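This is what each chain is made of:
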Amino acid sequence: LLSRGMPFSISAGVGFIALFGVAVLNGIVLITEFNQLKEAGVINIRERIMKGTRIRLRPVLMTAAVASLGFMPMALSNGAGAEVQRPLATVVIGGLITATLLTLLVLPVLYLWFENDDTNKKPKTKMRLPKFKKRKPKNNSTMKIILLLISLNVGVATLQAQTTISLKAAIDSALNQNPAAMAAKLKTSAAKALEASANEIPLTNISAEYGKINSVSNDTKFGLSQAVAFPVVYKRHKELLQAHTASFALNENVVKTELKKQVTFLYYQMLVLQKRKELLLQADSLYRNFSQKQNQRFKAGDANILEKTTAETQLMQVQSQLSQLDTDYKIVQVQFGRLLNSTVIFIPADDKVKIDVAQKPDAANYPAVKLKAQQQSIPLKEIEVIKTKSLPQFSVGYTNQSISGIQNVNGVDKSFTGANRFSAAS
């Protein structure tokens, strides 16, 4: 998940459950083969491990290969629902690779270790019980190994569910992954790219004619024209686009500033709730001890029912506050994760609940103030662009044609065909 940049999510947790099942089944297949070889008379543990691993190598590899290839399309999908499919398939495929190595390499070592441990254990005294003799299991090493592997895997999954994060890392993650910040950045980039359209000129006009122009013979005519506006038109239009780009850039700065403020607020709110929980836990311990003492005094007749009930009520109030605080903390965690656009449950890495007070910014340089000032200049630029629409346009053209027939050239009649071309520029 970390190598593919994916957080631990519900679908990834489901993938871990499926992975545990396949990994445990592979382990059972291998351990069962060891036990069968033991019953068949293979006493040497190392010989039993080498022979059993060689026999069960193909089933273990086939199980991992079939599951991995089956989940491969889900891991590489980009269509609808890929956000749910990719984490599940990634966990299963990556986990099966490591689980296969674990089954073939580490599991035999653990079997050797536990089997030797069970063999070397000797009872201190031998008791013969002809009746009611308790039947011992044939081998406890399988269950020991399975419980050990499951506990290790569950422990890793639990650690991945919550991640500590510093304030700086949280702000950087929010600026890079928050949808609002990403949208503001894309709008600025789009406006910057649109500035190049300020110098666009109208499309070139190409014309062609064919027919009887001068005589019964057919003539051809080709024309090329291009309209160009005054340079001031392009200048005013570019100034307007630059004003829009500056407005989007300032809006991006406003969004990032607000995002930083919200992340910082929620971060320190989680720290404050943690400190409050520590205080309430101390109070809970004190009131619980006090309630137990009052109950003992009441049973001994040294306290009345009112004192006992008061102590229990105070303990219940503290427990109620703890329950409400846990709910508030989870809500803040969810809001914090949404700002970071992540499904990971974050907990603060710092323990300082006092926020460093920054210097008061200059009102004129405040992002929101600068954005409003820039937005006021945009209508003025638009007025300047509208004024340029009344300016005339330049047009440059070129024509080339044939004039078939008799033409009088300097008092002499000459015959012209389609091969004779006449051109003009405008």
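Use the structure listed above.
Once a new chain begins, its residue numbering starts again from 1 and follows that chain's sequence as written. This being a predicted model, a pLDDT of at least 70 is required before a residue's local features are given, and a value of 80 or more before pairs of side-chain atoms are given or counted; all residues contribute to the totals for chains, interfaces and linings. To obtain the side-chain values, all non-hydrogen atoms of the structure were included, while hydrogens and water were left out.

**Student:** Which residues make up the environment of Val228, and what are the values?
**Tutor:** Each helix is a run of DSSP H or I of at least 4 residues and each strand a run of E of at least 2, with the numbering of both proceeding from the N terminus. Here Val228 lies in strand 3 (residues 219-228). In sequence terms Val228 and Pro392 are 164 residues apart; their C-alpha atoms lie 9.3 Å from each other. Other than its neighbours up to four places away in sequence, Val228 contacts Tyr234, Gln393 and Phe394. The contact definition used throughout considers only heavy atoms, calling two residues in contact when any of these lie within 4.5 Å.

**Student:** Give a detailed account of the nonpolar core, specifying residues and quantitative values.
**Tutor:** Grouped together as the largest cluster of nonpolar side chains are 26 residues, with contacts concentrated most on Val263, Phe336 and Leu340. Listed by contribution, the elements that provide at least two residues to this core are helix 6 (167-177), helix 8 (231-300) and helix 9 (305-339). For Phe336, the residues in contact, after removing those within four places along its chain, are Ile165, Ala170, Val263, Leu266, Tyr267, Met270 and Phe346. Buried Ala, Val, Leu, Ile, Met, Phe, Trp, Tyr and Cys residues form a nonpolar core when they are joined through side-chain atoms within 4.5 Å. Relative accessibility under 20% of the residue-type maximum defines a buried residue, over 50% an exposed one, and the middle range a partly exposed one, all with a 1.4 Å probe and only protein chains included.

**Student:** Residues and numbers for the environment of Asn218, please.
**Tutor:** Residue position: Asn218 is located in the loop between strand 2 (205-211) and strand 3. On the accessibility criterion, Asn218 (35% relative accessible area) is partly exposed. Once you skip the residues sitting within four places of it in the chain, Asn218 turns out to touch Tyr210, Gly211, Lys212 and Ser404.

**Student:** Please provide a residue-by-residue account of the packing of aromatic side chains, values included.
**Tutor:** Here a Phe, Tyr or Trp ring, Trp counted by its six-membered ring, pairs with any other such ring whose centre lies within 6.5 Å, and the pair is stacked when the planes are under 30 degrees apart, edge-to-face when over 60, and tilted otherwise. Across all of its chains, the model carries seven aromatic pairs by this definition. Ring geometry for Tyr267 versus Tyr268: centroids 5.9 Å apart, planes at 80 degrees, classification edge-to-face. Here the two residues Tyr267 and Tyr268 agree in accessibility, since each one is buried. Between Phe336 and Phe346, the aromatic rings sit 6.2 Å apart at their centres with planes inclined by 75 degrees, giving edge-to-face as the arrangement. Of this pair, Phe336 sits in helix 9 while Phe346 sits in strand 4 (residues 345-348), and the two are 10 residues apart along the sequence. Pair check on accessibility: Phe336 and Phe346 agree, each one buried. A network of ring pairs unites the aromatic residues Tyr267, Tyr268, Phe336 and Phe346 as a single cluster. When the ring centre of Phe298 is taken as origin, the NZ or CZ atom of Lys308, which lies over that ring, is 5.7 Å away. In this scheme, Lys NZ or Arg CZ marks a charge over a ring once it lies within 6 Å of the ring centre and within 35 degrees of the ring normal.

**Student:** Before we move on, can you summarise the packing of helix 2 (residues 45-55) against helix 3 (residues 57-75) with the specific residues and values?
**Tutor:** An axis is simply a line fitted to the C-alpha atoms; with a helix, the fit covers only the stretch in contact. Between two such axes, the angle follows the N-to-C directions and lies from 0 to 180 degrees. Where helix 2 contacts helix 3, the two axes come as close as 4 Å, and the packing angle between them is 45 degrees. Relative to helix 3, the element helix 2 lies oblique. Residues Thr53, Arg54 and Ile55 of helix 2 pack against Leu57, Arg58 and Pro59 of helix 3. Each residue receives one of three labels: charged for Asp, Glu, Lys and Arg, nonpolar for Ala, Val, Leu, Ile, Met, Phe, Trp, Tyr, Cys and Pro, and polar for the others, Gly being one of them. Looking at the contact of helix 2 with helix 3 residue by residue, the class counts come to three nonpolar, one polar and two charged. Under this scheme an angle from 65 to 115 degrees is roughly perpendicular, one under 35 degrees roughly parallel, and one over 145 degrees roughly antiparallel; angles in between are oblique.

**Student:** Could you give me a rundown of helix 10 (residues 367-387), with the residues and numbers involved?
**Tutor:** Given the number of residues in a helix, its expected span is that number minus one, multiplied by 1.5 Å. Spanning 21 residues, helix 10 covers 31 Å between terminal C-alpha atoms, matching the ideal 30 Å at 1.5 Å per step. Considered for burial, the residues of helix 10 that qualify are Pro367, Leu371, Gln374, Ile378 and Val385. Projected down its long axis, helix 10 shows its buried positions confined to an angular sector of 70 degrees, all on one face. Exposed residues on helix 10 whose side chains face more than 90 degrees from its buried face are Lys372, Gln376, Leu380 and Lys387. On its buried face, helix 10 sits against helix 8. This arc corresponds to the set of directions leading from the helix axis out to the C-beta atoms.

**Student:** Any chance you could break down the pattern of salt bridges for me, citing the residues and the numbers?
**Tutor:** A pair is scored as a salt bridge if a Lys or Arg side-chain nitrogen falls within 4 Å of a carboxyl oxygen belonging to Asp or Glu. Taken as a whole and assessed by the stated rule, the structure comprises 10 salt bridges. The partner of Glu195 in a salt bridge is Lys192, with the nearest N and O atoms 3.7 Å apart. Taking relative accessible area as the criterion, Glu195 reaches 11% and is therefore assigned buried. The class for Lys192 is exposed, based on a relative accessible area of 53%. Its salt-bridge partner being Asp302, residue Arg297 comes within 3.3 Å of it at the nearest N-O pair. By relative accessible area, which is 53% here, Asp302 ends up exposed. Each of Arg236, Glu239 and Glu384 takes part in salt bridges that share partners, so that together they form one network.

**Student:** Residue-level account of the sheet that holds strand 8 (residues 421-425), with values.
**Tutor:** DSSP bridges decide pairing: two strands pair if at least two such bridges lie between them. Taken in spatial order, the four strands of this open sheet run 2-3-5-8, and their pairing is antiparallel. Looking at strand neighbours, the two that pair on one side only are strand 2 and strand 8, the edges of this open sheet. The sheet shows a mean angle of 10 degrees between the axes of neighbouring strands, taken without regard to direction. Pairing between strand 3 and strand 5 (residues 394-402): eight bridges, direction antiparallel. In the sheet register, Phe222 faces strand 5, and the bridge partner there is Asn400.

**Student:** Please set out unusual backbone geometry residue by residue, giving values where relevant.
**Tutor:** Unlike most non-glycine residues, Asn341 shows phi in positive territory, near 55 degrees. Turning to its location among the elements, Asn341 is positioned in the loop between helix 9 and strand 4.

**Student:** How would you explain a nonpolar patch on the surface if you had to name every residue and give the values?
**Tutor:** Residues forming no salt bridge and having over 30% relative accessible area are the ones grouped into patches, like charges within 9 Å of each other and nonpolar side chains (Val, Leu, Ile, Met, Phe, Trp, Tyr) within 5 Å. Per-residue and other accessible areas were derived by the Shrake-Rupley procedure at a 1.4 Å probe size, with only the shown protein chains allowed to occlude residues. A grouping of Ile97, Leu101, Leu105 and Val106 is seen on the molecular surface, where their side chains present a nonpolar patch of about 380 Å² in accessible area. Ile97 gets classed as exposed once you look at its relative accessible area, which sits at 51%.

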